[in-house]
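What the coordinates show
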Amino acid sequence: MMIQYRSYKNLALPYSASHIPNNFSVAYKDGNSFEFSVIHKYGVITGNQEVIADCLKKPWPTSSSVPTGALALSLVIFQSKTFLFDQKPVLIVLTSRGPFISLSGDLEAFPGFALEELAANAEWSMHICVTVLADNLICIGNCQGLVHVLQLENYSREGLTLFQTVHTSPQSRALLLTADKALLAAADSAGKLWTWYLDVKTMVPILKSVPTGVSTLLNAMELTEVFVILGYANGLLRLMCRDTGSVYADINAHGAAITAMAYSWKAQVLMTVGEDSFIQMWAIDEKSDDCKVQHLQQQVAEDMLLCGVQFLNADGSRFGVVGYDRNEILVFKN
């Protein structure tokens with residue numbers, strides 16, 4: 001596979017990115033148009049391919065310009081997710097004050113999920129990871145090992161319809177979530193992997209409490225047609241079979257923590273970025289009888305602690321990266 005990416009342009013952001021793994025979410029439309037979100041210290045930057053950023057979307061009352069006092073100390077943004085529903089952008093933001101949603105407007109709290117006060121045990125109710133299954137099911141995982149699967153079609157200010165709640169281990173947090181059209185995967189803080197297949201009316205368990213076998217912190221997870229791919233804080237990339245949970249390959253991909261990954265289903269290319277400032281590109285040939293993983297290329301973003309990467313179109317010909325304390329998206333194309 002002869003794919004070579006090169007630097008294309010930089011898109012300026014009005015604010016700088018926070019130091020959070022997976023700090024970049026993209027929903028691409030037709031051609032090279034896309035919507036994005038990047039987490040900032042006090043909110044979420046949103047925009048499109050022209051970087052027409054909306055005002056900084058803030059998970060607190062719009063009458064406040066900057067949080068003060070206890071709110072400034074307690075407000076933590078864990079993750080954001082941008083996706084398209086009925087061809088319109090939707091933004092989900094998970095915070096220490098609960099999950100928020102925006103349908104092309106201001107952020108508003110998920111009804112029934114907001115934390116009015118931070119009690120001593122409030123952290124166990126916090127939702128810290130999010131993904132979208134089959135384009136219309138919002139999946140949010142919390143610190144009690146629960147993953148709530150919510151239907152977006154019937155969204156109203158009274159709440160989202162609960163499709164189902166699935167469980168990882170109650171002794172651990174639901175740490176990371178990822179999904180495709182039919183499979184939801186969860187990794188918990190105990191180093192276990194869980195997957196469920198989406199049936200018409202229920203979530204069918206496939207893998208249950210499968211040890212990933214790596215003791216260091218897991219920062220990123222992606223699905224392909226064959227694999228669940230895991231990226232760790234020690235720079236290790238592990239490929240596990242999504243049907244059996246067996247380990248297919250381990251790759252020492254980065255010299256420091258892997259902070260984010262992105263996979264293009266059409267191009268069959270995986271991007272990994274890390275705190276070593278490197279962007280690594282991998283070809284995953286799943287169409288051959290003996291599936292092969294090949295290193296394609298690497299790029300370096302000088303003096304950038306990278307914390308986010310996403311493809312910017314469906315064919316995988318463009319991708320973007322963001323770095324801590326930098327107010328720009330670096331765009332590459334082949």
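Note that this is a predicted model, so its numbers are computed, not measured. (Residues numbered from 1 in each chain as written. Predicted model: local features only at pLDDT ≥ 70, side-chain atom pairs only at ≥ 80, totals over all residues. Heavy atoms only, no water.)

A look at the sheet that holds strand β21 (residues 247-252)
Threshold: Two strands pair under a simple rule: DSSP has to find at least two bridges between them. The secondary structure listing takes helices from DSSP runs of H or I that are at least 4 residues long and strands from runs of E that are at least 2 residues long, numbered from the N terminus. Helix axes use the C-alpha atoms of the stretch in contact, all axes being lines fitted to C-alpha atoms, and the angles between their N-to-C directions lie in the range 0 to 180 degrees.
Taken together, the 4 strands give an open sheet; going across it, the order is β18-β19-β20-β21, and neighbouring strands pair in antiparallel fashion. This sheet does not close on itself; its edge strands, each paired only once, are β18 (218-223) and β21. Direction aside, neighbouring strands of the sheet carry axes that sit 15° apart on average. One ladder, built from 5 bridges, connects strand β19 (residues 227-232) with strand β20 (residues 236-241); its direction is antiparallel. Within the sheet, the bridge partner assigned to Val228 lies in β20 and is Met240.

As for the pattern of salt bridges
The criterion, for reference: Within this document, salt bridges are pairs made up of a side-chain nitrogen of Lys or Arg and a carboxyl oxygen of Asp or Glu, the two lying within 4 Å of each other. Only protein chains enter the calculation, and the probe is 1.4 Å; a residue is then buried if its accessible area is under 20% of its type maximum, exposed if over 50%, and partly exposed in between.
On inspection of all chains with the given rule, the structure shows 5 salt bridges. One salt bridge in this structure joins Asp135 and Lys181, with 2.3 Å as the shortest N-O distance. One end of the pair, Asp135, is in the loop between β9 (127-133) and β10 (137-142); the other, Lys181, is in the loop between β13 (174-179) and β14 (183-188), and 46 residues separate them in sequence. Owing to a relative accessible area of 41%, Asp135 belongs among the partly exposed residues under this scheme. Lys181 gets classed as exposed once you look at its relative accessible area, which sits at 57%.

A closer look at unusual backbone geometry
Phi at Ser209 is positive, roughly 55°, even though this residue is not glycine. Checked against the element boundaries, Ser209 lands in the loop between β16 (203-205) and β17 (210-211). For Ser209, a relative accessible area of 28% corresponds to the partly exposed category. Not every positive phi belongs to a glycine, and Asp325 is a case in point at roughly 65°. For Asp325, the position within the fold is in the loop between β27 (318-323) and β28 (328-333). The exposure class of Asp325 is exposed, given its relative accessible area of 52%.

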